[in-house]
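Structural characterization, general
Here are the chains, one letter per residue:
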Amino acid sequence: MLLAQAGAQGGGLMQFFIMFVPLLLIMYFMMIRPQQKKMKQHKEMTSGLEKGDEVMTTGGIVGRIAKVQDQFIVLTISEGVEIKFQKASIAQTLPKGTIKSIEE
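Report follows, based on the coordinates. (Residues numbered from 1 in each chain as written. Predicted model: local features only at pLDDT ≥ 70, side-chain atom pairs only at ≥ 80, totals over all residues. Heavy atoms only, no water.)

Observations regarding the pairing of strand β1 (residues 54-57)
For a regular strand, side-chain orientation follows a simple rule: the groups alternate between the two sheet faces. Taken together, the three bridges between β1 and strand β2 (residues 62-68) define a ladder with antiparallel strand orientation. Directly across from E54, in β2, lies its bridge partner R64. Here β1 folds back onto β2, and the loop between the two strands holds four residues, one of which, G60, carries a positive phi near 95°. The pairing of β1 with strand β5 (residues 90-94) spans four bridges and is antiparallel. Residue M56 lies in a different strand from β5, and its bridge partner there is Q92. (Pairing = 2+ DSSP bridges. Helix = DSSP H or I, 4+ residues; strand = E, 2+ residues; numbered from the N terminus.)

Some words on the packing of aromatic side chains
According to the stated counting rule, one finds three aromatic pairs in the structure shown. A centroid spacing of 5.5 Å and a plane angle of 15° characterise the contact between F16 and F20, whose relative ring orientation is stacked. Residue F16 and its partner F20 are located together in helix α1 (residues 2-47), separated by four residues, close to a single helical turn. An angle of 80° between the planes, with centres 5.1 Å apart, marks the rings of Y28 and F29 as edge-to-face. Y28 sits in the partly exposed class, given a relative accessible area of 33%. For K84, the ring lying beneath its charged end belongs to F72, and the centroid distance is 5.7 Å. (Phe/Tyr/Trp six-rings, centres within 6.5 Å; stacked < 30°, edge-to-face > 60°. Buried < 20%, exposed > 50% of the residue type's maximum accessible area, 1.4 Å probe, protein only. Lys NZ or Arg CZ within 6 Å of the ring centre and 35° of its normal.)

What about the pattern of salt bridges?
Any two side chains of opposite charge can pair, given that their charged atoms come close. According to the stated counting rule, one finds two salt bridges in the structure shown. Where D53 meets K96, a salt bridge forms, and the shortest distance between an N and an O atom there is 3.5 Å. Of this pair, D53 sits in the loop between α1 and β1 while K96 is found in the loop between β5 and α2 (98-103), placing the two residues 43 residues apart along the sequence. Judged by its relative accessible area of 17%, D53 is buried. Between E54 and R64 there is a salt bridge whose closest N-O contact spans 2.7 Å. Of this pair, E54 sits in strand β1 while R64 sits in strand β2; the two residues are 10 residues apart in sequence, bridging distant segments of the chain. (Salt bridge = Lys/Arg side-chain N within 4 Å of Asp/Glu carboxyl O.)

Describing the layout of surface pockets
The calculated volume of the largest pocket comes to roughly 200 Å³. Considering the residues around the largest pocket, the lining is formed by V62, G63, R64, I65, A66, T76, I77, S78, E79, I99, K100 and E103. Breaking the lining of the largest pocket down by element, the ones donating at least two residues are β2, β3 (72-78) and α2. Here the lining of the largest pocket is composed, by residue class, of five nonpolar, three polar and four charged. (1 Å grid on protein atoms, 1.4 Å probe; cavity = no way out; pocket = protein on both sides within 12 Å on 5 of 7 lines; lining within 4 Å. Points joined across faces, edges and corners; volume = space filled by probe spheres on them. Nonpolar A, V, L, I, M, F, W, Y, C, P; charged D, E, K, R; others polar.)

A look at the sheet that holds β3
An order of β4-β3-β2-β1-β5 is seen for the five strands of this open sheet, with the pairing classed as antiparallel. With one partner strand each, in any of the chains shown, β4 (81-86) and β5 form the two edges of the open sheet. Across the sheet, the mean angle from the axis of one strand to that of its neighbour is 45°, orientation sign disregarded. Summarising the sheet, β2 and β3 pair through four bridges and their orientation is antiparallel. (Axes fitted to C-alpha atoms, helices over the stretch in contact; angles between N-to-C directions.)

If you want it as structure tokens, here you go:
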């Protein structure tokens, strides 16, 4: 009788692992992997920033890059108005002429 109980408990543990491993795989492919791809794309975008590019920050500020430094960029948001941002706070690059079309 003791052997039957021990066998049942061992089977329960095995069933737990059979259910747990696919759950981990689903979580990886649904949550972790897409986030890693998004972070990689953002890093590539920020490393390719150049003077004159038009960008939008995560706060919604639109401007033209005046200076690119190691970890920071200087944005010109209006004539004579420049703000320093971390590169990581750039949400997206905009097509050339976007700022001009917004001002009109």
